[in-house]
Amino acid sequence: MDRDSELGKIFRRARKYMHEGMEQKFSKPLDGFREFAAEAVDTLYRHVDAADDYYASVVGEVIPRLFAIDVTTGYSFFHDPETLSMIWAIYNTATGTVARRLQLKRSFRRKPPYRVAFVCSMFSDYIAPSKAIANFALHVDRDLFDPLMVITNQPSTMERKSGYDVVPFNQMKIGKQLLDNNIDIIGLPPQDNIQTLSLQLIELCCQFEVDMVVASASPFSFPEACVARSGVVGTFFDMHRGFPLYVDGIDAILHWVAGTREKQLGLWLERGGRVIDYHDGISVSPLPDPLPEKDPVKVRFVTVSNYISQRFSPEYCDTVSRVMQACPQTVYRIIGGCNPDEIKARFAPEIRSRLDFVGPVQGAEAIQDYFLTSDIYLNEFPVSGVRVCLEAMCASLPVVTMKCGDLHVNATSVEHVGDFAILENSPQRYFDLICRLVNDAEFRSRIGNELRRRMETQYDYKVTLRDLAAKLLAVHEEKISAM
């Protein structure tokens, strides 16, 4: 089989797996996917020295699909150092091929405010990467930075959608906040393919005289990788949310989970890549005064998840069932979309009547109302949420969570909760801690208040993003002064 036929074959198979994953809402690993992903990367790597536009276009279509599909395993395929090394070489070659098509020359500002493009692949009030990158844009010092929000709408191009089918930015809460703060939002319409989308993004950065890019990039983000390789911006920073992008031209990866640093960034650090560590965060609002009254007889658990059917594992449901059997004063409020009967069947029969299925709840404020009338937040295991832990801590709730492995999805939440978290995979310790919280109201209140103070001092955007922006500014000014 000749090269072009091989490349065409892996593209068609990647697209087929992507369609299958979307039909299943990425609820479980796909049969044969890992073997195909290894074959696809090996094929692309074998042809890396003979790269041309066609090769680059296939890379831009295949690698992002592999990454999107691997979400069901916490990107375990991409954690393999040998695989990651090959993908790095593949992306260097393919993105360089795309960038060379545009012979663009730039000069950069020598003093602030610097034009900063905050770039993400998707934009929504309910997508963590887009919320994080938009909040960074909202919190920079406008005397030092001139922010611009850019959305590539990459999934629409991958799905070959025609027309510009997105919710108007001013109809989204985060979009309205950006516009109210005089931050322009640019959304790229769907293109014929990812390579064309990448060229559009490079040209946009040149047209708007962007000095710095901060992107919520990952291996999914081929257009952003092309910008990093193009030299059309002064500095490029990857503010990843789950797994970082590896490609030459990135000035620093912004990493927010110390526990996954070596696992995710070992190869990057080994080759001399710069990492800027920072704390994740959210906006910490004042608590209502007075606080809502609670029934003193009951102790209310709460969990919020977009992935209830996947994350309510047998071990988790068994542990919670044992707690509720041992503590008859408890009730459990479950927030998120699911089939209540199917989830209820995972718990012990005698406690099922004390399960309250709320369904999906939109908006942090509405969820906060539920938190303020609950007593203890239960984080699922072995895969669990992160942002919801921060939101629960803002409501002075004790958060019960534990580390169940070295992947991002197993380890992230414990870092935010700190010393109160369980740092080993021990369902028995999880059970014991919940029982103590249920039966000791004073302990419950003290831990909840301590976690609220942790949010105010370490995870409030006003603190975390101000410090992060100062670090980026130092890197940028050092680099342009040497140009």
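Please refer to the structure placed before this passage.
This write-up is about the structure you can find in this document. (Residues numbered from 1 in each chain as written. Predicted model: local features only at pLDDT ≥ 70, side-chain atom pairs only at ≥ 80, totals over all residues. Heavy atoms only, no water.)

Examining helix α5 (residues 128–139)
- With 12 residues, α5 should reach 16 Å at 1.5 Å per residue; the first-to-last C-alpha distance of 16 Å fits that figure.
- Among all positions in α5, only Ser130, Lys131, Ala132, Ile133, Ala134, Asn135, Phe136 and Ala137 are buried. (Helix = DSSP H or I, 4+ residues; strand = E, 2+ residues; numbered from the N terminus. Expected span 1.5 Å × (residues − 1). Buried < 20%, exposed > 50% of the residue type's maximum accessible area, 1.4 Å probe, protein only.)

Here we look at the nonpolar core
- The biggest cluster of nonpolar side chains holds 75 residues, and the ones touching the most others in it are Leu44, Val59, Val62, Leu66, Val213 and Val227.
- Top element by residues in this core is helix α3 (residues 53–69). It accounts for 10 residues.
- Ile308, Phe371, Leu437 and Phe443 belong to the second-largest nonpolar core, a separate cluster that totals 60 residues. (Core = buried A, V, L, I, M, F, W, Y, C linked by side-chain atoms within 4.5 Å.)

Focus on the layout of surface pockets
- The volume enclosed by the second largest pocket comes to roughly 290 Å³.
- Lining the second largest pocket we find 16 residues, and of these Lys294, Ser374, Asp375, Ser396 and Ser445 sit closest to its centre.
- Here the lining of the second largest pocket gets 5 residues from one element, more than from any other, and that element is helix α18 (residues 441–458).
- Among the residues forming the lining of the second largest pocket, the class breakdown is 8 nonpolar, 5 polar and 3 charged. (1 Å grid on protein atoms, 1.4 Å probe; cavity = no way out; pocket = protein on both sides within 12 Å on 5 of 7 lines; lining within 4 Å. Points joined across faces, edges and corners; volume = space filled by probe spheres on them. Nonpolar A, V, L, I, M, F, W, Y, C, P; charged D, E, K, R; others polar.)

Some words on the pattern of salt bridges
- Tallying each qualifying case throughout the model produces 24 salt bridges.
- Among the salt bridges present, the one from Asp375 reaches Lys294, with a minimum N-O distance of 3.7 Å. One end of the pair, Asp375, is in the loop between α14 (364–372) and β11 (376–378); the other, Lys294, is in the loop between β7 (275–277) and β8 (299–304), and 81 residues separate them in sequence.
- Within the structure, one salt-bridge network assembled from shared partners comprises Arg3, Asp4 and Asp52. (Salt bridge = Lys/Arg side-chain N within 4 Å of Asp/Glu carboxyl O.)

With respect to the sheet that holds strand β10 (residues 355–359)
- Taken in spatial order, the 5 strands of this open sheet run β10-β9-β8-β11-β12, and their pairing is parallel. Lying at the two open borders of the sheet, with one neighbouring strand each, are β10 and β12 (399–400).
- Against the sheet, helix α12 (residues 314–326) touches β8, β9 (330–335), β10 and β11, its axis set at about 150° to β9. (Pairing = 2+ DSSP bridges. Contact = heavy atoms within 4.5 Å. Axes fitted to C-alpha atoms, helices over the stretch in contact; angles between N-to-C directions.)

Digging into the sheet that holds β7
- If you trace the 7 strands from one edge of the open sheet to the other, you get β3-β2-β1-β4-β5-β6-β7, paired in parallel fashion. Edge positions in the sheet fall to β3 (185–187) and β7, since each of these pairs with one other strand and no more. Mean inter-strand twist for the sheet, computed between neighbouring axes without regard to direction, equals 25°.
- With 3 bridges connecting them, strand β6 (residues 252–255) and β7 associate as parallel partners. Opposite His255, over in β7, you have Asp277 as the bridge partner.
- Strand contacts of α5: β1 (114–120), β2 (145–151) and β4 (212–215), with the helix running at about 165° to β1, the strand carrying the most contacts.

Things to note about the packing of helix α15 (residues 387–394) against α18
- Running from amino to carboxyl end, α15 crosses α18 at an angle of 110°, the nearest separation of the two axes being 7 Å. Classed by the angle they form, the pair α15 and α18 counts as roughly perpendicular. Pair α15 / α18 crosses with left-handed handedness. Residues Leu390, Met393 and Cys394 of α15 pack against Leu451, Arg452, Arg454 and Met455 of α18. (Parallel < 35°, antiparallel > 145°, perpendicular 65-115°, else oblique. Left-handed = near helix turned anticlockwise from the far one by under 90°.)

Details of the packing of aromatic side chains
- By the definition in use, this model includes 23 aromatic pairs.
- A ring pair is formed by Tyr91 and Phe222, whose centres lie 5.4 Å apart and whose planes are at 80°; its orientation type is edge-to-face. Highlighted residues: Tyr91 in helix α4 (residues 81–99) and Phe222 in helix α9 (residues 222–230), separated in sequence by 131 residues. This pair shows no difference in class: Tyr91 is buried, exactly as Phe222 is.
- Feature note: the residues Phe301, Phe312, Tyr316, Tyr332, Phe347, Phe381 and Tyr430 constitute an aromatic cluster, connected by ring pairs.
- The residue whose ring lies beneath Arg241 is Trp256, and the NZ or CZ to ring-centre distance is 4.3 Å.
- For Arg322, the ring lying beneath its charged end belongs to Phe431, and the centroid distance is 4.3 Å. (Phe/Tyr/Trp six-rings, centres within 6.5 Å; stacked < 30°, edge-to-face > 60°. Lys NZ or Arg CZ within 6 Å of the ring centre and 35° of its normal.)

A word on α3
- In this model α3 runs 25 Å from its N-terminal to its C-terminal C-alpha over 17 residues, within 8% of the 24 Å that 1.5 Å per residue would give.
- Across the 17 residues of α3, 15 count as buried, placing the element largely inside the fold.
- Where α3 begins, one side-chain oxygen reaches toward the backbone nitrogen of Tyr54, 3.2 Å away; that side chain belongs to Asp52. (Polar contact = N/O pair within 3.5 Å; in protein donor to acceptor, adjacent residues only side chain to side chain.)

Re the state of the cysteines
- Using the criterion set out here, one finds 0 disulfides in the structure.
- Counting only cysteine sulfurs, Cys394 is the nearest neighbor of Cys389, a cysteine outside any disulfide, at a range of 11 Å. (Disulfide = S-S within 2.5 Å.)

Points about the side chain of Arg452
- The topology assignment puts Arg452 in helix α18.
- What makes Arg452 buried here is its relative accessible area of 8%.

Examining the pairing of β1
- Among the 7 residues that make up β1, 7 are buried, leaving the element largely enclosed by the rest of the structure.
- Burial of β1 is two-sided: the residues Tyr114, Val116, Phe118 and Cys120 facing one way and the residues Arg115, Ala117 and Val119 facing the other way are all buried.
- Direction of pairing for β1 relative to β2: parallel, over a ladder of 7 bridges. For Phe118, the partnering residue across the bridge sits in β2 and is Met149.
- Crossover connection from β1 via α5 to parallel β2: handedness right-handed.
- Pairing of β1 with β4, which is carried by 4 bridges, proceeds in the parallel orientation. Residue pairing in the sheet places Phe118 in a bridge with Val214 of β4. (Right-handed = clockwise from strand over helix to strand, strands pointing away.)

Digging into the packing of helix α1 (residues 3–23) against α3
- The N-to-C vectors of α1 and α3 enclose an angle of 30°; their axes lie 9 Å apart at closest approach. With respect to α3, the element α1 is oriented roughly parallel. Relative to α3, the crossing made by α1 is left-handed. Contacts from Arg3, Asp4, Leu7, Gly8, Ile10, Phe11, Ala14, Arg15, Tyr17 and Met18 of α1 reach α3 at Tyr54, Tyr55, Val58, Glu61, Val62, Arg65, Ala68 and Ile69.
- When grouped by side-chain class, the residues that make up the contact of α1 with α3 number 12 nonpolar, 1 polar and 5 charged.

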